[in-house]
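Residues per chain, in single letters:
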Amino acid sequence: MRPALRDNLRLAVTVAVVNGFATLTGLAFAMYASLAVLSVTVGNYGNTLELGRQRLIGTTIGAVVVFFGYRAWGHLPVLVALPLALLMARLIAGSIRLTVGYSVCCFVVIMGWLLHEQQLDSWIPLRLFWTAFGIIMALLSLRLFWPARARLEQRQGLLQLLVDLGHTLKAYLAAPPQAARRAALREQLRSLRNSLLSLRDQRVNALRELGPMAVEHPVAQLWDLLDHACESLILDLDELRRLPDPQWQAWGLEDLHEAAMQFSDAVADRLLSWQGTLSQSLNLQPPPPEPRPQLPLDRLSDAQAQAAFDRLSPAQLQQVAGRLMVLNRIDHIVASTERRWLALLR
């Protein structure tokens, strides 16, 4: 089912349930519940939660202003009193940085002042009740009918990005060194970058679901940690793509090349292990218990490698050093990510 059709069906079912409940209660002003559902339901839980919060705060501020403002300035001409009430509502709403709730606040003041001035004692509590009820029903619908939660989407997206990175690195290692391999890797990296940027755009909604202190939440910190690791690995893979391939065998560096290939393959497996560990539970899990792969830089000091280096030209040494520096950065990224990952569990 297409997302647009799914969202419209969810919205229609929710409005029907709300209207049915309102009819059974027989309470007045039940239309405000349906209006709340229609105005705050936007397809994902994070945005709906924020819009609902703003609408409820704006409604409350508007109700307070019209209740006390009408008693204080009701004897004045409406062309004088109503602008004064709206000015007060705008000042209060602006001071707490409302955006969507800002217009709702002013709308409540106008409706209460012009249409319900003789029944404010009953209209205000019913308006607040039906608005809160509609918002709650909208949030429940997003959890019960085809759940659309930005937090889960963020988690699943990052886990899939780890899998794609691991498979991309393995495919790059398995392919022969030629121009076609570089072109294929370029397209894969472009897709990975687009996925990472899309996840960053969606993260604001996921953070809203974690509450007002979201940036201090371990889950949010893990998202940032994995985001940084994925971005760094994408950049390093792109640099590997652009670097010239050293002639390892012709230069007598077969053992060093084999060690570098084994390390790269182990890093790809480690990324897949990260995904497997984190997908086991919604709660924060520790890094994989298996030993972390490490780049065997001690191979650079053995006699065979030293003899081979002595025969290489400066340009050839630069090619070897450039590739090993990128692999060393990858080693550092994996190590620092897991070290900070463990710190989040303490």
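The structure this text deals with has already been given above.
Here's what I pulled together on the structure shown here. Quick caveat: nothing in here was measured; it's all calculated off a predicted structure.

## Comments concerning the nonpolar core
Then comes step 1: If you look at the biggest cluster of nonpolar residues, it comprises 55 residues, and the most contacted ones within it are Leu-165, Leu-253, Trp-274, Val-320, Leu-327 and Ile-330.
Then comes step 2: Looking at this core, the elements with two or more residues in it are α7 (150-174), α8 (179-209), α9 (218-242), α10 (254-278), α11 (303-311) and α12 (314-344).
Then comes step 3: At twelve residues, α9 tops the list of elements feeding residues into this core.
Then comes step 4: Excluding anything up to four places from it in sequence, Trp-274 contacts Leu-162, Leu-226, Ala-229, Pro-288, Val-334, Thr-337, Glu-338 and Trp-341.
Then comes step 5: Ranked by size, the runner-up nonpolar core spans 33 residues in total, among them Val-66, Leu-86, Val-104 and Cys-106.

## Things to note about the packing of aromatic side chains
Then comes step 1: Considering all chains together, one arrives at ten aromatic pairs under this definition.
Then comes step 2: Plain terms: the ring middles of Phe-29 and Tyr-32 are 6.4 Å apart, the flat faces sit at 40° to each other, and that makes the pair tilted.
Then comes step 3: Ring plane angle 90° and centroid distance 5.1 Å describe the contact between Phe-67 and Phe-68, whose orientation is recorded as edge-to-face.
Then comes step 4: Overall, the relative accessible area of 26% leaves Phe-67 in the partly exposed class.
Then comes step 5: Of the residues examined, Phe-68 reaches a relative accessible area of 52% and is grouped as exposed.
Then comes step 6: By way of ring pairs, the aromatic residues Phe-21, Phe-129, Trp-130 and Phe-133 are connected into one cluster.
Then comes step 7: Over the aromatic face of Phe-67 sits the side chain of Arg-71, whose NZ or CZ is 3.9 Å from the ring centroid.
Then comes step 8: Seen from the ring of Tyr-32, Arg-127 lies directly overhead, with NZ or CZ sitting 4.0 Å from the centre.

## With respect to a nonpolar patch on the surface
Then comes step 1: Taken together, the side chains of Leu-5, Leu-9, Val-13, Val-17, Ile-136, Leu-140, Leu-144, Phe-145 and Trp-146 present a nonpolar region at the surface, about 790 Å² in accessible area.
Then comes step 2: Checked against the element boundaries, Phe-145 lands in the loop between α6 (120-144) and α7.
Then comes step 3: For Phe-145, a relative accessible area of 37% corresponds to the partly exposed category.

## Comments concerning helix α4 (residues 78-95)
Then comes step 1: In this model, α4 (18 residues) spans 25 Å end to end at C-alpha, consistent with the 26 Å of a helix rising 1.5 Å per residue.
Then comes step 2: Of the positions making up α4, those classed as buried are Ala-81, Leu-82, Ala-85, Leu-86, Ala-89 and Ala-93. The buried residues of α4 all sit within an arc of 130° when viewed along its axis, so they share a single face. Away from its buried face, by an angle of more than 90 degrees, α4 presents the exposed residues Leu-79, Leu-91 and Ser-95.
Then comes step 3: On the buried face of α4, the contacting elements are α3 (45-73) and α5 (100-114).
Then comes step 4: In the segment just after α4, Arg-97 is the residue with positive phi, at about 60°.

## Regarding the state of the cysteines
Then comes step 1: Tallied over the entire structure, the rule returns zero disulfides.
Then comes step 2: With no disulfide of its own, Cys-105 has Cys-106 as its nearest cysteine by sulfur position, at a separation of 5.2 Å.
Then comes step 3: Using a relative accessible area of 0% as the deciding quantity, one classes Cys-105 as buried.
Then comes step 4: A relative accessible area of 13% places Cys-106 in the buried class.

## What about the packing of helix α2 (residues 31-40) against α6?
The relative placement of two packed helices is expressed as an angle between their axes plus a distance between the axes.
Then comes step 1: Viewed as axis vectors pointing N to C, α2 and α6 meet at an angle of 40°, and their least axial separation amounts to 7 Å. It follows that α2 is oblique to α6 by the angle criterion. Seen from above, α2 lies across α6 with right-handed handedness. Packed against α2, whose contacting residues are Tyr-32, Ala-33, Ala-36, Val-37 and Val-40, the element α6 presents Trp-123, Arg-127, Trp-130, Thr-131, Phe-133, Gly-134, Ile-135 and Ala-138 at the interface.
Then comes step 2: Taken together, the residues of the contact of α2 with α6 sort by class into ten nonpolar, two polar and one charged.

## Quick word on the pattern of salt bridges
When the charged atoms of two side chains lie near each other, side chains of opposite charge can form a pair.
Then comes step 1: Throughout the structure, instances matching the rule amount to 17 salt bridges.
Then comes step 2: Its salt-bridge partner being Arg-200, residue Asp-227 comes within 2.7 Å of it at the nearest N-O pair. Of this pair, Asp-227 sits in helix α9 while Arg-200 is found in helix α8, placing the two residues 27 residues apart along the sequence.
Then comes step 3: For Arg-200, a relative accessible area of 32% corresponds to the partly exposed category.
Then comes step 4: We note a salt bridge from Arg-241 to Asp-238, for which the minimum N-O separation is 2.9 Å. Of this pair, Arg-241 and Asp-238 both sit in helix α9, separated by three residues, roughly a single helical turn. Comparing Arg-241 with Asp-238, the two get one shared label, buried.
Then comes step 5: Residues joined in a network through salt bridges with shared partners are Arg-200, Arg-203, Asp-224, Asp-227 and Glu-231.

Cut-offs applied
- Residues numbered from 1 in each chain as written.
- Predicted model: local features only at pLDDT ≥ 70, side-chain atom pairs only at ≥ 80, totals over all residues.
- Heavy atoms only, no water.
- Core = buried A, V, L, I, M, F, W, Y, C linked by side-chain atoms within 4.5 Å.
- Buried < 20%, exposed > 50% of the residue type's maximum accessible area, 1.4 Å probe, protein only.
- Helix = DSSP H or I, 4+ residues; strand = E, 2+ residues; numbered from the N terminus.
- Contact = heavy atoms within 4.5 Å.
- Phe/Tyr/Trp six-rings, centres within 6.5 Å; stacked < 30°, edge-to-face > 60°.
- Lys NZ or Arg CZ within 6 Å of the ring centre and 35° of its normal.
- Patch = residues over 30% accessible without salt bridge, like charges linked within 9 Å, V, L, I, M, F, W, Y side chains within 5 Å.
- Areas by Shrake-Rupley, 256 points an atom, 1.4 Å probe, with all protein chains shown as cover.
- Salt bridge = Lys/Arg side-chain N within 4 Å of Asp/Glu carboxyl O.
- Expected span 1.5 Å × (residues − 1).
- Arc of directions from axis to C-beta.
- Disulfide = S-S within 2.5 Å.
- Axes fitted to C-alpha atoms, helices over the stretch in contact; angles between N-to-C directions.
- Parallel < 35°, antiparallel > 145°, perpendicular 65-115°, else oblique.
- Left-handed = near helix turned anticlockwise from the far one by under 90°.
- Nonpolar A, V, L, I, M, F, W, Y, C, P; charged D, E, K, R; others polar.

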